[in-house]
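Here is how the chains run, residue by residue.
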Amino acid sequence: MPSASTLAAFAVASVIIIAIPGPSVLFTIGRALSAGRREALLTVVGNALGILTQICALAIGLGPLIAASTVAYTALKVVGAGYLIWLGVQAIRNRRALASAFEAGVPVTAPSLHAVRAGYVVGVTNPKTIVFFAALLPQFVVQTSAVLPQLVALGAVFAVLALLMDGAVALVASRARDWFASSPKRMERVGGAGGLMMLTLGGGLLLTGRPTT
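Note that the structure is a prediction, hence the values are computed from the model and not measured. Starting from 1, residues in each chain are numbered consecutively following that chain's sequence as written. Given that this is a predicted model, residues contribute local features only at a pLDDT of at least 70 and side-chain atom pairs are listed and counted only at 80 or more, while totals for whole chains, interfaces and linings are drawn from all residues. The side-chain quantities take in all heavy atoms of the structure and omit both hydrogens and water.

S.K.: So what's going on with the overall build of the protein? Which residues, and what values?
M.R.: Secondary structure elements follow DSSP: runs of H or I of four or more residues count as helices, runs of E of two or more count as strands, with numbering from the N terminus. If you tally the helices and strands in the protein, you get 10 helices and 0 strands. The order of helices and strands in the protein, counted from the N terminus, is α-α-α-α-α-α-α-α-α-α. Exposure is judged per residue with a 1.4 Å probe applied to protein chains only, and the accessible area is read against the type maximum: over 50% gives exposed, under 20% gives buried, and values in between give partly exposed. Put simply, the protein has 213 residues, and 44% of those count as buried. Total accessible area computed for the protein in this model is approximately 10200 Å², and 71% of it derives from carbon and sulfur atoms. Using the Shrake-Rupley algorithm and a 1.4 Å probe, accessible areas are obtained, with residue cover drawn only from the displayed protein chains.

S.K.: Before we move on, could you go through the nonpolar core and cite the residues and values that matter?
M.R.: The tendency in soluble globular proteins is for nonpolar side chains to be buried side by side. Ranked by internal contacts, the top residues of the largest apolar core, which has 18 residues, are Phe10, Ile51, Phe132, Phe133, Leu137, Leu154 and Phe158. When residues of this core are traced back to their parent elements, those giving at least two are helix H1 (4–19), helix H3 (37–59), helix H8 (127–136) and helix H9 (147–180). Examining the composition of this core, we find that 6 residues originate from one element, H9, more than from any other. Residues contacting Phe10, with those up to four places away along its chain left out, are Phe132, Leu137, Phe140, Leu154, Val157 and Phe158. As used here, the term nonpolar core means buried Ala, Val, Leu, Ile, Met, Phe, Trp, Tyr and Cys residues forming a set that is joined through side-chain atoms within 4.5 Å. Counting residues in hydrophobic clusters, the runner-up holds 8 residues, among them Leu84, Leu87, Ala91 and Val122. Contacts: residue pairs with any heavy atoms within 4.5 Å of one another.

S.K.: Describe helix H7 (residues 112–124), naming the residues involved and giving the relevant values.
M.R.: Here H7 contains 13 residues, and its C-alpha end-to-end distance of 18 Å stays within 8% of the 18 Å for a straight helix at 1.5 Å per residue. Within the sequence span of H7, burial applies to Ala115, Ala118, Gly119, Val122, Gly123 and Val124. Multiplying 1.5 Å by the helix residue count minus one yields the expected span of that helix.

S.K.: Can you tell me about the packing of H3 against H7, naming the residues and giving the values?
M.R.: Two elements in contact, H3 and H7, have axes whose closest approach is 6 Å; the angle formed by their N-to-C orientations is 45 degrees. With respect to H7, the element H3 is oriented oblique. Remark: the crossing between H3 and H7 carries right-handed chirality. Residue-level inspection shows Arg38, Glu39, Leu42, Thr43, Gly46, Asn47, Leu49, Gly50, Thr53 and Gln54 of H3 in contact with H7, the latter providing Ser112, His114, Ala115, Val116, Gly119, Tyr120, Val122, Gly123 and Val124. Interaxial angles span 0 to 180 degrees and are taken between N-to-C directions of axes, which are lines fitted to C-alpha atoms, for helices over the stretch in contact. Roughly parallel refers to an angle under 35 degrees, roughly antiparallel to one over 145, roughly perpendicular to one between 65 and 115, and oblique to any angle outside these ranges. Helix crossings are classified by the rotation of the near helix relative to the far one: an anticlockwise turn of less than a right angle makes the crossing left-handed, while a clockwise turn makes it right-handed.

S.K.: Tell me about helix H2 (residues 23–35), and name the residues and values.
M.R.: With 13 residues, H2 should cover 18 Å at 1.5 Å per step; its first-to-last C-alpha distance of 17 Å lies within 8% of that length. The element H2 is largely enclosed, with a buried count of 11 among its 13 residues. Every buried residue of H2 is listed here: Pro23, Ser24, Val25, Phe27, Thr28, Gly30, Arg31, Ala32, Leu33, Ser34 and Ala35.

S.K.: Got a sec to walk through a nonpolar patch on the surface? Specific residues and values, please.
M.R.: Taken together, Val45, Leu49, Leu52, Tyr120 and Leu163 make up a surface patch of nonpolar side chains, about 370 Å² in accessible area. In terms of residue count, the dominant contributor to the nonpolar patch is H3 (3 residues). Along the chain, Tyr120 turns up in helix H7. Taking relative accessible area as the criterion, Tyr120 reaches 30% and is therefore assigned partly exposed. Put simply, a patch holds well-exposed residues, over 30% relative accessible area, that have no salt bridge, with like charges counted together within 9 Å and Val, Leu, Ile, Met, Phe, Trp or Tyr side chains within 5 Å. In what follows, salt bridge is the name for a side-chain nitrogen of Lys or Arg lying within 4 Å of a carboxyl oxygen of Asp or Glu.

S.K.: Hey, could you go over the environment of Leu49 for me, with residue numbers and the actual values?
M.R.: Along the chain, the position of Leu49 falls in helix H3. Discounting chain neighbours no more than four positions away, the residues touching Leu49 are Val116 and Tyr120.

S.K.: Quick one: what's the story with the packing of H2 against H3, residue by residue and with numbers?
M.R.: Between H2 and H3, whose axes approach to 8 Å, the crossing angle comes to 155 degrees. Taken together, the axes of H2 and H3 lie roughly antiparallel to each other. Between H2 and H3 the crossing geometry is right-handed. Side by side, H2 and H3 meet where Ser24, Phe27, Thr28, Arg31, Ala32 and Ala35 of the first sit next to Glu39, Ala40, Thr43, Val44 and Asn47 of the second. In the contact of H2 with H3, the residues fall into 5 nonpolar, 4 polar and 2 charged. Each residue is assigned to one of three groups, with Ala, Val, Leu, Ile, Met, Phe, Trp, Tyr, Cys and Pro labelled nonpolar, Asp, Glu, Lys and Arg labelled charged, and all others, Gly among them, labelled polar.

What follows is the structure, given as structure tokens:
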């Protein structure tokens, strides 16, 4: 297991990485604006599960392969961006239904499994965390000790921090949404804005090159 000092150093690096706006953070904001607090928080849970999946992949050697292979990296980026664009289109198409539901007093929620799945797809295809794990995680691993337990422990630290920080973002964004919800017409606009944010994020992800390490 990593030492306390190693875990603390990794936690600091993780907080910095998580705080930089990326697919997970912007997607969470978009979901909070377009669908509300409940779905945004479930999306955050799915994202954390996606991060844990990336850690497992890294543990068996997939992370370094993706970081080194342009084809694998690009394929993963296209899948994640395509899914974001699809969700953005759906949010924009359903913006009037969202406003109508609020006007009628009907709570708008998505099935729990759908929200968790959406967050999971975004989390597991997030190139930022894959490159972060592949490039920086090995620096916190003691080669003379069992590698797998160290990777799991470090990955759990990152996932918990992402859960807490993204959850806070979801709560703040959903409070803004609650204010907009006082007017159905305003709610229609904010639903469209959330979808537009996801479309912009997906398009930006497609156009962004590989980060240098």
